[in-house]
Amino acid sequence: MKRFQVLKSISFFYISLSLLLRIIFISWQFSDVDFTFLSVLKIIFYGLFFDIGVLSFIWMILGLYFLVFPSKWIESKLDKALVYSMSFLTILILVFTFFAEITFWEEFRCRFNFIAVDYIIYTYEVLQNINQSYPL
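Reading the values: rules and limits
Residues numbered from 1 in each chain as written. Predicted model: local features only at pLDDT ≥ 70, side-chain atom pairs only at ≥ 80, totals over all residues. Heavy atoms only, no water. 1 Å grid on protein atoms, 1.4 Å probe; cavity = no way out; pocket = protein on both sides within 12 Å on 5 of 7 lines; lining within 4 Å. Points joined across faces, edges and corners; volume = space filled by probe spheres on them. Helix = DSSP H or I, 4+ residues; strand = E, 2+ residues; numbered from the N terminus. Nonpolar A, V, L, I, M, F, W, Y, C, P; charged D, E, K, R; others polar. Expected span 1.5 Å × (residues − 1). Buried < 20%, exposed > 50% of the residue type's maximum accessible area, 1.4 Å probe, protein only. Contact = heavy atoms within 4.5 Å. Core = buried A, V, L, I, M, F, W, Y, C linked by side-chain atoms within 4.5 Å. Phe/Tyr/Trp six-rings, centres within 6.5 Å; stacked < 30°, edge-to-face > 60°. Axes fitted to C-alpha atoms, helices over the stretch in contact; angles between N-to-C directions. Parallel < 35°, antiparallel > 145°, perpendicular 65-115°, else oblique. Patch = residues over 30% accessible without salt bridge, like charges linked within 9 Å, V, L, I, M, F, W, Y side chains within 5 Å. Areas by Shrake-Rupley, 256 points an atom, 1.4 Å probe, with all protein chains shown as cover. Salt bridge = Lys/Arg side-chain N within 4 Å of Asp/Glu carboxyl O.

Asker: Tell me what's going on with the layout of surface pockets, and back it up with residues and numbers.
Answerer: For the largest pocket, the calculated volume is near 620 Å³. R22, F50, D51, E101 and R111 are, among the 23 residues lining the largest pocket, the residues nearest its centre. Of all the secondary-structure elements, those providing two or more residues to the lining of the largest pocket are helix 1 (5-28), helix 2 (37-68) and helix 3 (77-108). Considering each element in turn, the lining of the largest pocket owes the most residues, eight residues, to helix 2. In terms of residue class, the lining of the largest pocket is built from 12 nonpolar, five polar and six charged.

Structure below.
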């Protein structure tokens, strides 16, 4: 069970950072948010629900590795290198995503949505559309 401690630590890090980010966004939109106890509780629990959904993908990838990796190689140099690199990559992606969400929030006043996907996937088309709409 020691191996699954990594998942627990990453999960705690993600939930904590996500809750902090949610509180920051609520404070930025202070004038637009209904600050009744029930509405704030709703925001927190909906966010937690979606955070657990994101965590399930992380759990699947790392958990599958922990379950499939042969037990005779556990604690070997290869195993440690793979666990450390997967953990580092996961945390790096999460931190990058949090900073990207802050930037996205400043621009659009909402969390990631289809607009973010369009900007990421269809970058060329979006830039062409901007150039056609606003000739420089």
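Asker: Which residues make up helix 3, and what are the values?
Answerer: The end-to-end C-alpha separation of helix 3 is 46 Å, in line with the 46 Å expected for 32 residues at 1.5 Å each. All of the buried residues in helix 3 are D79, V83, S87, T90, L94, F98, E101, F104 and W105. Of the surrounding elements, those touching the buried residues of helix 3 are helix 1, helix 2 and helix 4 (114-121). Taken from the residues just after helix 3, R109 is the one with a positive phi, measuring 55°.

Asker: Any details on the nonpolar core? Residues and values, ideally.
Answerer: With 15 residues, the main nonpolar core has I58, L62, F66 and L94 as its most contacted residues. Listed by contribution, the elements that provide at least two residues to this core are helix 1, helix 2 and helix 3. Residues contacting L62, with those up to four places away along its chain left out, are L7, I10, M86 and T90.

Asker: Run through the packing of aromatic side chains, naming residues and quoting values.
Answerer: Enumeration over the complete set of coordinates arrives at eight aromatic pairs. Here F25 and W105 contribute two aromatic rings whose centre-to-centre distance is 4.2 Å and whose plane-to-plane angle is 5°, an arrangement assigned as stacked. In this pair, F25 is assigned in helix 1 and W105 in helix 3, connecting sequence segments 80 residues apart. An identical accessibility class is assigned to F25 and W105; each is buried. Here the aromatic cluster, defined as three or more aromatic residues joined through ring pairs, consists of F4, Y65, F66, F69 and W73.

Asker: An account of the packing of helix 1 against helix 3 is requested, with residue identities and associated values reported.
Answerer: A packed helix pair is summarised by two numbers, namely the angle formed by the two axes and the spacing between the axes. Contact geometry for helix 1 and helix 3: axes closest at 11 Å, N-to-C directions at 5°. Accordingly, the angle class assigned to the pair helix 1 and helix 3 is roughly parallel. Packed against helix 1, whose contacting residues are V6, I10, F13, Y14, L17, S18, L21, F25 and W28, the element helix 3 presents V83, S87, T90, I91, L94, V95, F98, E101, I102, W105 and E106 at the interface. Partitioned by chemical class, the residues of the contact of helix 1 with helix 3 number 15 nonpolar, three polar and two charged.

Asker: Kindly report on a nonpolar patch on the surface, identifying the contributing residues and their values.
Answerer: Residues F108, V117, Y119, I120, I121, Y122, L127, I130 and Y134 make up a contiguous nonpolar surface patch of roughly 910 Å² in combined accessible area. Going through the elements one at a time, helix 4 and helix 5 (123-133) are the ones with two or more residues in the nonpolar patch. Looking at the nonpolar patch element by element, the count peaks at four residues for helix 4. Classification of I120 by relative accessible area gives exposed; the value is 63%.

Asker: Any chance you could break down the pattern of salt bridges for me, citing the residues and the numbers?
Answerer: The tally for this structure, following the rule as stated, stands at two salt bridges. Ionic pairing is found between D51 and R22, a salt bridge with its closest N-O pair at 3.2 Å. Here D51, found in helix 2, pairs with R22, found in helix 1; they are 29 residues apart in sequence, far enough to count as distant. One exposure class covers both D51 and R22, and it is buried.

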